[in-house]
Amino acid sequence: MSGRIDNLFDFILWASVILFAIVAISTIYFAIRYRRHGDIARTTPYIENLGLEITWTIIPFILLMVIFVWGIRDFLRLHIIPAQATEIKVTGQKWFWSFSYLDGPSTVGELIVPVNKPIKLLMSSQDVIHSFYVPDFRIKMDVLPNRYTVTWFEAVHTGEFQLYCTEFCGKGHSEMLGKVKVLPQDEFKKWLETSSGPQEGQTLEEYGASLFVKKACVTCHSTDGSKNVGPTFLGLMGRSEVLKSGQTIVVDENYLRESMLNPMAKVVVGYDPVMPPFQGILKSVDIDGLIAYIKSLEK
Amino acid sequence: MEQTPVTEYKIPERNFLNETKGIKSWLLTLDHKRIGILYLISVMSAFFAGGIFALLIRLELISPAKEFLTADGYNQVFTLHGAIMIFMFIIPSIPAAFGNFVMPLMIGAKDVAFPRLNLASWYIYLIGAGFALYAIFSGGIDTGWTFYTPYSTSTSTAVIPMTFGVFVMGFSSIFTGLNFVVTIHKLRAPGMTWFKMPLFVWGIYATALIQVLATPVLGITLALLIVERFAGIGIFDPAMGGDPVLFQHFFWFYSHPAVYIMILPGMAIISELIAAFSHRHIFGYKFIAFSSLGIAFTGFLVWGHHMFVAGQSDLAAVIFSFITFFVGIPSGIKIFNWITTMYKGSISLKAPMLWAIAFLLEFSIGGFTGVVLGTLSIDVHLHDTYFVVAHFHYVMVGGTVMALFGGLHYWWPKIWGRMYNETLAAIAAVLVFIGFNVTFFVQFIMGSQGMPRRYYTYLPQFEGMHGFSSIGSLIMAVGFFLIGGYLIYAIFKGKPSGPNPWKALTMEWETTSPPPTGNFDVTPQLRHGPYDYDKVVAKNVVPEYMHEH
C-alpha cells in the first residue's frame, strides 16, 4: 500500500519540479534579460493571447484530474477493509495508546501484530481527539471520543515501527508515542498465549517494573522523587498524603489498587485529576506486580 | 544602471500628515489614510509579537531536550504565535492597512464610503486585541489557533477571553469588507469602469466579499463555543452530547475562506508590482481579475479538505478533494500571467520587485505542495505533519508576507513622501528570502518522513533538520529587524521621493507624496488605464505628473 501512495507522491513531486523549474527559470531569466538600463521609455506593445490563456488553464486542469482520480483510487483502498481482517480495539487517552485483542490480552503503547495479515483497528478516545499515525504504513486516522473510527493495514515486514499521536491533545502530546511490533505469525501466536503475567524467572517486582514502562505509568510518575503530572512513586508506600477533600490518608495496598482502577476517588492535593482509569486494562496479576514494584522504591 | 535625472523634491507644505496635529487628531481621524496608518502600526506590532513567539518556538526546538520552555509553555507559545499571526496580523494586514490607504487613492476617491465605520472598525480591532491580551495574561491559551473541541472545552486555560477577542475582531473585518464593497461600487472616479480598475482593487474587492460572507460563520462558531463553556450546553463536547466534528466543519467553513482573505490581497499587490516594475501592460488583465473572484467563490466549497482523516464520509472527502483541485487552477493562471508580463518588459529590480520575485518562487512551491496535500491518499500520510506546516508557511509567509513587504516598500514613499535606503532594502530582501527558505524547506522533508506538528519534543532522527530550520529563522529575524530600522529612519531622514518615484500609472501616483487630506487637489480624471505603459511611456506622451520639476 505504501508503495502505491509513494508512486503518486513521486509523480506529483516530479511534475512539480519540472513546472517549478519553468516558473523559476523564466522569472529569473526575464528579470536579467529584460532588465531596465536607463532607457525609461522602453516598453512593449500590449498584446492579448487567448490561446496562451487557454493552454495554461487546460494543461494544469488535465494534470490535476489525473492526480485527483489516482488519489481517490488509493484512498478508497485505504478505506475498504478486507472481511477477514483481525480486529484490534485501539483506545487513545491522555497520553498513551492501549490495545485490546479479542478474547486476549491488552497492551499499552505497543501494538503487536502478525506479519502478512490484514489488521483492522477499531478506535475510540477516552477524552479529547487524538490521531493514530504510523508513517511507515502511510496510515492516519483521527480517534474521537464520541464515535468509532476505523483504519486497517497489512504489514509486509517484521520489525518495529513508530506510532505517533498527530492531533494536538495537550501537555503530553509529543510523548504520546508507541510502537507497532510486527512479529512472524508463529511468534505472534506464542505471544498471544503467554502475554500476561510474569515471564519465567521474573520476580513479581521485576514484572511490575516492566509494566511501569509498558503501561505508561512512567509518563506521569517519577521514581526519583521529582514532581511530575502525578505524585512520585519513590517512598510512596506508607507515605501520608493530604487529599483534595482535606482528609489525610496513609498509602497502603488498597489505596494503590483503588488509585489504579478509579483514580478520581482520592486525588492528592496539588495534582490535577487527569489520570485515566485502568479498569479493564490492568489485570489482577498486573496490579500485584505494580504494587510490588512501588513497595521496592523505598527512600 | 538606471539613469534618473537628479531632481530635488520637496515634501508638499500641506499634506494629510501635517494638516492637523496632536494625538487626538489621529485617534479621532476619519481620513482613510490615517486610519490605514493606525492599522499599519497595529498589525506590524502584532507581526512583531507573533514573530517573537515564532522565534521562541524555533529556539525551543533546536534540540529535543528542554531548552527554556516547559511542555505547557511551548503549547501556549505555538498557540499564541498562530492566533496572533492569523487573527491580529495577516487577516487585517493588507486589506485594512493598504486597502485603506491605497484603494481610495487608486480609484480616485476622496475617502471610503463610510469614514466613521472605518474608524469604528479600528477601535473594534483594538477591543478584540485587548481581550486577546487579557487572555494571554490571565492564564494563556494552549489549544492551538484552531480551538478544536473537546480539548478547548476541557482545558483550564483562558479559552473564553481569547475566542471572545477573535469574535470581536471578526466585526472589524466585516466592517472593513462592507466599507470596501460600497466604496468600490460607488466612489470610482469619472471614467474608471470596472475593467479600468487596477488589479489591486479587484483583489481587495474579492477579499471584501469573503470577509462579509464568511466571517459571520466564525462569529457564530466561537459564540457557540463560549456558550458551551459558559452555560454547559452541549454543542461540540461529547461529554455533554455534542459533536466535536461539527466544530471542525463550522470552524473550517470560515477558516478556509479566510485563507483567501489572507492570500488574495497579497496576489493583488503582486499584480501591481509586476506591472509597475516591468513597465508593461499586465498580461491577461481580465483573467487575473476573474481568477480572484473564482478563488473567492470556490474557496467557500473546500473546507472539508482539512478533515480528510477526521472521520467525515468518504464521499464528502472525494467531493472536497475534487473542488480543492479547482482552486489550484486560478492561482496557476495568475502565476503564468505575471511571468508573461515580465517577458520583454523593462524590468527594474528595485526592492518591491525583489519581493515580488520572491513571491513568485515561494508561492509556486506553496501551490505545488497544496496539490500534494489535496490528493486524498497522500494527505492521509502528510496530514498534521510538518509538511502541512511548511506548505502553510510557503503560502502565507512566502506568499502574503512577501507581497505585504513588497507593498510596504512600494507605497512607503507615497505614505511618507520619503525614500528608504535602496541598498539596505535589497540586502534585507535577500536575507529574508534565504532565511525563509532555510527555515521552511527542510520542514517539507521532515513532514514527509513523519514528523508530527505541534510537538514539544521529537525523536532524535529529526534533530539535524530542526536545528537547520531554527538557524533559518534567526536569519529571517535579522532581515526583518533591518527593514524595521531603515523604514522608520526613512520617515524622518529619508530623501523626499517626489510624487511618482517608480513612474507607475495607477492613480495614487498622480497626487503628491504624501497626499493632501482630500487625496487630490482637483477631481482626478481617468486619462489612461492603470497599465497603459505602451501608450503613455512609449509614445513619450509623458503626463504632466510624470514630468520632473
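Draft legend 1. How the structure looks around the overall build of chain A. Scanning chain A from terminus to terminus reveals six helices and 12 strands. What you see for chain A is a C-alpha radius of gyration of 28 Å, clearly larger than the 19 Å of a compact globule of 299 residues, by over 25%. Structurally, chain A occupies a C-alpha span of about 90 × 50 × 35 Å along its principal axes. Looking at chain A as a whole, 32% of its 299 residues are labelled buried. Within chain A, contacts between residues separated by at least 24 positions form 63% of all contacts whose residues are at least 6 apart in sequence.

Draft legend 2. Quick peek at the overall build of chain B. Each helix and strand counted, chain B has 16 helices and two strands in total. Taken over the C-alpha trace, chain B has a radius of gyration of 23 Å; the compact-globule value for 549 residues is 24 Å, and the two agree within 12%. With respect to the three principal axes, the spread of C-alpha positions in chain B is 70 × 45 × 45 Å. Counting across all 549 residues of chain B, residues that qualify as buried make up 62%. The long-range share in chain B, meaning contacts at least 24 apart out of those at least 6 apart in sequence, stands at 84%.

Draft legend 3. Region of the structure containing the packing of helix α4 (residues 204-214) of chain A against helix α6 (residues 284-296) of chain A. All names here are of chain A. The N-to-C vectors of α4 and α6 enclose an angle of 95°; their axes lie 7 Å apart at closest approach. In terms of orientation, α4 lies roughly perpendicular with respect to α6. Contacts between α4 and α6 involve L204, E205, Y207, G208, A209, L211 and F212 on the former and, on the latter, D286, D288, G289, L290, A292, Y293 and S296. Grouping the amino acids of the contact of α4 with α6 by side-chain chemistry returns eight nonpolar, three polar and three charged.

Draft legend 4. View of helix α3 (residues 71-106) of chain B. Residues and elements named next belong to chain B. For α3, which comprises 36 residues, the first-to-last C-alpha distance of 49 Å matches the rise-based estimate of 52 Å (1.5 Å per residue) to within 8%. At S93, α3 shows its maximal kink, close to 60°; a proline, P95, follows between one and four residues later. Most of α3 sits out of view: 33 of its 36 residues are buried. Immediately beyond the C-terminal end of α3, within one or two residues, lies G108, with a positive phi of roughly 70°.

Draft legend 5. A look at the confidence of the model for chain B. Mean pLDDT over chain B works out to 91, with 96% of the residues at or above the 70 mark. Prediction confidence for the complex, expressed as pTM and ipTM, is 0.87 and 0.89 respectively.

Draft legend 6. Broad picture of the interface of chain B and chain A. Residue-level contacts link 74 residues of chain B with 65 residues of chain A. Elements with a minimum of two residues in the side of chain B that touches chain A: α3, α5 (151-154), α10 (314-342), α11 (351-374), α12 (376-382) and α16 (533-538) of chain B. If you tally residues by element for the side of chain B that touches chain A, the top one is α10(B), at 14 residues.

Draft legend 7. The nonpolar core, seen in detail. Ranked by internal contacts, the top residues of the largest apolar core, which has 250 residues, are B:V201 and B:A356. Excluding its chain neighbours within four sequence positions, the residues that come into contact with B:V201 are B:M103, B:M106, B:I107 and B:I184.

Draft legend 8. Here's a closer look at the domain arrangement of chain A. Residues and elements named next belong to chain A. Once the domains are mapped, chain A shows domain 1 (2-79), domain 2 (86-193) and domain 3 (204-296). Measuring from the centre of the C-alpha atoms in domain 2 to the corresponding centre in domain 3 gives 25 Å. Listed by partner, the interface residues are 12 residues for domain 2 and seven residues for domain 3. Counting residues per element, the ones that place at least two in the side of domain 2 that touches domain 3 are β2 (96-101) and β3 (106-108). Tallied by class, the residues present in the side of domain 2 that touches domain 3 amount to three nonpolar, six polar and three charged.

Draft legend 9. Summary view of the sheet that holds strand β10 (residues 178-183) of chain A. Residues and elements named next belong to chain A. In spatial order, the strands read β4-β10-β9-β6-β7; together these five strands make up an open sheet with mixed pairing. With partners counted over all chains shown, the strands left at the sheet margins are β4 (110-114) and β7 (139-143), one partner each. Going across the sheet, the axis of each strand differs from the next one's by a mean of 20°, ignoring polarity. Here strand β9 (residues 159-165) runs beside β10; their pairing, made up of five bridges, is antiparallel.

Draft legend 10. Just unusual backbone geometry, in detail. For the peptide bond that leads from A:K94 to A:W95, omega is -5°, which places it in the cis range. Topologically, A:W95 is positioned in the loop between β1 (86-93) and β2. Put simply, B:S513 and B:P514 share a cis peptide bond, and its omega is -10°. Residue position: B:P514 is located in the loop between β2 (495-496) and α16. With phi around 70°, A:A216 is a residue other than glycine that occupies positive phi space. Within the secondary structure, A:A216 is located in the loop between α4 and β11 (240-242). Of note, the phi angle at B:K344 is positive, near 60°, even though the residue is not glycine. Topologically, B:K344 is positioned in the loop between α10 and α11.

Draft legend 11. A look at the environment of B:R418. All names here are of chain B. Tracing the chain through its elements places R418 in strand β1 (residues 418-419). Residue R418 is classed as buried on the basis of its 21 C-beta neighbours within 10 Å. Sequence spacing of R418 and A214 is 204 residues, and the spatial spacing of their C-alpha atoms is 38 Å.

Draft legend 12. Expanded view of the pairing of β2(A). Residue and element names in this part refer to chain A. Of the pairings in the sheet, the one linking β1 to β2 comprises six bridges and is antiparallel in character. Bridge pairing in β2 places V90 opposite F99. The hairpin formed by β1 and β2 contains two residues between the paired strands. In this sheet, β3 lies alongside β2 in antiparallel orientation, the contact comprising three bridges. Looking at the pairing, S98 lines up with V108 of β3.

Draft legend 13. Main features of α11(B). A rise of 1.5 Å per residue sets the reference length of α11(B), with its 24 residues, at 34 Å; its end C-alpha atoms lie 34 Å apart and thus fit the reference within 8%. Most of α11(B) is tucked away: 23 of the 24 residues are buried.

Draft legend 14. View of the sheet that holds β3(A). All names here are of chain A. Pairing is mixed across the open sheet formed by five strands, whose spatial order is β3-β2-β1-β5-β8. Of all strands in the sheet, those with a lone pairing partner are β3 and β8 (149-154), marking the two edges. The average angle at which neighbouring strand axes cross in this sheet is 25°, direction not considered. By the bridge criterion, six bridges tie strand β5 (residues 118-125) to β8 in an arrangement that is antiparallel. Pairing of I119 across the sheet is with F153, part of β8.

How each quantity is defined
- Residues numbered from 1 in each chain as written.
- Chains lettered and ligands numbered in written order.
- Predicted model: local features only at pLDDT ≥ 70, side-chain atom pairs only at ≥ 80, totals over all residues.
- Helix = DSSP H or I, 4+ residues; strand = E, 2+ residues; numbered from the N terminus.
- Rg over C-alpha atoms; globule rule 2.2 N^0.38 Å.
- Buried ≥ 20, exposed ≤ 12 C-beta atoms within 10 Å, placed from the backbone.
- Contact = placed C-beta atoms within 7 Å.
- Axes fitted to C-alpha atoms, helices over the stretch in contact; angles between N-to-C directions.
- Parallel < 35°, antiparallel > 145°, perpendicular 65-115°, else oblique.
- Nonpolar A, V, L, I, M, F, W, Y, C, P; charged D, E, K, R; others polar.
- Expected span 1.5 Å × (residues − 1).
- Bend = angle between axes of the 7 residues up to and from the residue.
- pLDDT = per-residue confidence, 0-100.
- Core = buried A, V, L, I, M, F, W, Y, C linked by C-beta atoms within 7 Å.
- Domains from an automatic or database assignment.
- Pairing = 2+ DSSP bridges.

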